[in-house]
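# Per-entry structural report
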Amino acid sequence: MDEKSPVSVQRNAGYMTFENVHERRRWYGLILLCAAQFIVVLDGSVINVAMPTIGQAFGADQQALTWVVSAYVLAFGGFLLLGGRLADLLGRRRMFVVGLVLFGVASLVGGFAGSIEVLIATRVAQGLGAAILSPAAMSIISVTFHDGIERNKAYAAWGAVGGAGGAAGVVLGGVLTQYAGWQWVLWINVPIVACCLLLVVPLLAERRTDISDRVFDFAGATTVTAALTLLVYTLIEAPAWGWGSIRTIGSGAGVVVLFAAFVIVERRSREPLVDLTIFRIRSLTGANLAGAVAGGLVVPMFFFLSLYLQNVLRYDAITTGLCLVPMCVVTFGISLTLGSTLVTKWGYQPVLATGMALLGVGLAWFGRAASDGSFAVDVLAPGLVAGAGLGLVFTPLFVAAATGVDWRRAGLASGLINTSQQIGGALGLAVLSSVTFARLEEGNVATAETLTDGYTAAFDGAAVVAGIGLLVTVTVIRARDSRAHVELTRRSRTTIPTPATKPREPVS
């Protein structure tokens, strides 16, 4: 098209001129948001390798050390929905900053902790900061980038950072603990947080709902946060209590009662914390179910791979971390390069289904590992397949979760998909750990053979769960919605964007 044609003049004179001025800032802002998400994901794994050193430093038993990890997961998973809704009501940039500050201060104080109790408390504060920060950042992406090619690329970067953070956590945890001290697995967050805070105002605009809409549903927030927190706590403790124990059954009943109370409250509330009608959007509902499955696969996969490498193949902590790098590099590379392209060309449903299938194949391959196995055959090869699957899972998940969602509920949608992944991760680890421990109890001695039997049983179970995720993807997420997204993307290449196609919230 001639640059002097009427359409070109209209683009240069109107909305596109605004976009050209702010294009670079938006994409730099995406880098900032991804950097913040990187430390959130990093903190879920970086401290694992430091656990033995922390135990020696504080004279802590295994139960206390477990809570150093679990406290973060508990607070993160329990407060995500609340964090997402606060972003919608109080301002997404504002809550992003609040989450960053809380996360950074907790990381700094945690490194100076003088007792295991203080360390656990700071991990709770870190989890709370992450629960505020992460959905706010994801909702900023949703309202900043146009639905279609732009948003696909943005979510591809977001998903790639998730894979990179998990890998970096394992490697950095070993390196920092060995050469700098365990405190640095927490202090490493501080300079990243400081840099992010300096760049927030120049790169991110404040966006929130109209003032008239800012009504806080205290009863809904209380019941859903209590329900999610109790659910995560029950999943963490159930393997130790026993799945059929009175404590597990009682806690499970409490979760059901709290969720039932939450639904009743939301149906009667004038401005509910979670508008339950949002689940009428099939792509969002399917994405959350598939997200729970994905979370339930990723966390146990890295957990049991680390155990197999250290307890069976006898690698040290740093070598174990390095062995997981190739899989994470593949995840990062495919998510960043192919994720957006394939979703734009095929739609989010077939790409997500392909990713689930590849992930299932990789997990089943891990299930064939031998007690006298090798890194190349039993870890690297299946890891590349599973990594490719993960790279194709993250981008379509986030795109599907945001498709069809009104910008006023972007924070809620972001909180939902993050919550699904966190709850899925806690549930997957709890269930598959029970499968492993049950298999290990069958052997009299913890030999390489019995350990391998337990770990491979967990991988086989995870492969079955991946099959369930594939089934959810092709049945709950409608193919016509996925095709409609492709058509929207194609039209966005030629249609002049207007405020009607991309609403802009008031800047406060």
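Note that this is a predicted model, so its numbers are computed, not measured.

## A look at the overall build of the protein
In terms of helices and strands, the protein carries 18 helices and 0 strands. When each of the 508 residues of the protein is scored for burial, the buried share is 54%. Residue pairs in contact within the protein that sit at least 24 positions apart in sequence constitute 85% of those at least 6 positions apart. With the model as given, the accessible surface of the protein reaches about 20,600 Å², and the carbon-plus-sulfur share is 67%.

## Side note on the packing of helix 12 (residues 282–312) against helix 16 (residues 410–441)
The interhelical angle for the contact between helix 12 and helix 16, taken along N-to-C directions, is 40°, at an axis separation of 6 Å. In terms of their interaxial angle, helix 12 and helix 16 are classed as oblique. Regarding helix 12 and helix 16, the two cross each other, and that crossing is right-handed. Along the contact surface, helix 12 presents Leu284, Ala287, Asn288, Gly291, Ala292, Gly295, Gly296, Val299, Pro300, Phe303 and Phe304, while helix 16 presents Ala413, Leu416, Ile417, Ser420, Gln421, Gly424, Gly425, Gly428, Leu429, Leu432, Ser433 and Thr436.

## Focus: the pattern of salt bridges
Inspection of every chain in the model, using the stated rule, returns 7 salt bridges. Salt-bridge contacts for Glu150 lead to Arg26; the nearest nitrogen and oxygen are separated by 2.9 Å. Taken together, the residues Glu150 in helix 7 (residues 149–179) and Arg26 in helix 2 (residues 15–45) connect sequence positions 124 residues apart. Summarising the burial analysis for this pair, Glu150 and Arg26 share the class buried. In this structure, Arg409 engages Asp275 in a salt bridge whose closest nitrogen and oxygen atoms are separated by 3.1 Å.

## Some points on helix 11 (residues 246–268)
For helix 11, spanning 23 residues, the distance from its first C-alpha to its last is 33 Å, which sits close to the expected 33 Å at 1.5 Å a residue. Considered for burial, the residues of helix 11 that qualify are Thr248, Ser251, Val255, Phe262 and Glu266.

## Re helix 10 (residues 218–241)
Three or four residues apart is the spacing at which side chains of an α-helix point the same way, because the helix has 3.6 residues per turn. In this model helix 10 runs 32 Å from its N-terminal to its C-terminal C-alpha over 24 residues, within 8% of the 34 Å that 1.5 Å per residue would give. At Leu235, helix 10 shows its strongest bend, of approximately 30°, with the proline Pro239 following within four residues. Gly242 lies just past helix 10 and shows a positive phi near 100°.

## Regarding the nonpolar core
Within the largest apolar cluster, 109 residues are counted, with the highest numbers of intra-cluster contacts made by Phe96, Trp158, Met301 and Leu363. In terms of residue count, helix 12 provides more of this core than any other element does, 14 residues in total. Setting aside chain neighbours within four positions, we find Phe96 in contact with Leu33, Ala36, Leu133, Ala136, Ala137, Ile140, Val200 and Leu204. With 19 residues, the next largest nonpolar core counts Leu42, Val46, Ala60 and Ile116 among its residues.

## Description of a nonpolar patch on the surface
There is a patch of nonpolar side chains on the surface, built from Val101, Val105, Leu108, Val109, Phe112, Val118 and Leu197 and spanning about 570 Å² of accessible area. Per element, the largest residue contribution to the nonpolar patch is 4 residues, and it comes from helix 5 (residues 92–111).

## Some details on the environment of Asp372
You can see Asp372 is positioned in the loop between helix 14 (348–366) and helix 15 (375–402). Using a relative accessible area of 67% as the deciding quantity, one classes Asp372 as exposed. Residues Asp372 and Val312 lie 60 residues apart in sequence; the distance between their C-alpha atoms is 7.9 Å.

## Structural notes on the side chain of Thr122
Tracing the sequence through the fold places Thr122 in helix 6 (residues 116–144). Thr122 gets classed as buried once you look at its relative accessible area, which sits at 8%. Other than its neighbours up to four places away in sequence, Thr122 contacts Ala106, Val109 and Gly110.

## A few points about unusual backbone geometry
If a residue is not glycine, its phi is most likely negative; likewise, a peptide bond is most likely trans. The phi dihedral of Arg314 falls on the positive side, at around 65°, and the residue is not glycine. With respect to the helices, strands and loops of the structure, Arg314 is situated in the loop between helix 12 and helix 13 (317–346). Accessibility expressed as a relative area gives 65% for Arg314, which makes it exposed.

## Regarding the side chain of Thr144
Examined against the element boundaries, Thr144 turns out to sit in helix 6. Under the relative-accessibility criterion, Thr144 is labelled buried at 9%. A polar side-chain atom of Thr144 sits 2.5 Å from the main-chain carbonyl oxygen of Ile140.

Calculation notes
- The numbering scheme is per chain: residues are counted from 1 as the chain's sequence reads.
- Whole-chain, interface and lining totals are the exception, using all residues; otherwise, since this is a predicted model, local features are given only for residues with pLDDT of at least 70 and side-chain atom pairs are given and counted only at 80 or more.
- Derived side-chain values reflect all non-hydrogen atoms in the structure, with water molecules and hydrogen atoms excluded from consideration.
- Labels follow the DSSP assignment, with helices taken as runs of H or I lasting at least four residues and strands as runs of E lasting at least two, numbered in each case from the N terminus.
- Buried, partly exposed and exposed residues are distinguished by accessible area as a fraction of the type maximum, computed with a 1.4 Å probe on protein chains only: under 20%, between the cut-offs, and over 50%, respectively.
- Whether two residues are in contact is decided by their heavy atoms, any of which lying within 4.5 Å being enough.
- All accessible-area figures derive from a Shrake-Rupley calculation using a 1.4 Å probe, and residue coverage is judged against the displayed protein chains alone.
- Simply put, an axis is a line fit to the C-alpha atoms, just over the touching stretch for a helix, and the angle between two N-to-C directions goes from 0 to 180 degrees.
- Each angle receives one of four descriptions, namely roughly parallel if under 35 degrees, roughly antiparallel if over 145, roughly perpendicular if within 65 to 115, and oblique otherwise.
- By definition, any crossing whose near helix is turned counterclockwise from its far helix by less than a right angle is left-handed, and any crossing with a clockwise turn is right-handed.
- Any carboxyl oxygen of Asp or Glu within 4 Å of a side-chain nitrogen of Lys or Arg constitutes a salt bridge here.
- One less than the number of residues in a helix, times 1.5 Å, gives the span that helix is expected to have.
- One fitted axis covers the seven residues ending at a residue, a second covers the seven starting there, and the bend at that residue is the angle between these axes.
- The criterion is simple. A nonpolar core is a set of buried Ala, Val, Leu, Ile, Met, Phe, Trp, Tyr and Cys residues joined through side-chain atoms within 4.5 Å.
- The patches reported here contain residues having more than 30% relative accessible area and no salt bridge. Joining distances are 9 Å for like charges and 5 Å for nonpolar side chains (Val, Leu, Ile, Met, Phe, Trp, Tyr).
- Throughout this description, a polar contact denotes any pair of N or O atoms lying within 3.5 Å of each other; where both atoms belong to protein, one of them has to be capable of donating a hydrogen while the other can accept it, and for residues adjacent in sequence the pair is counted only when both atoms sit in side chains.

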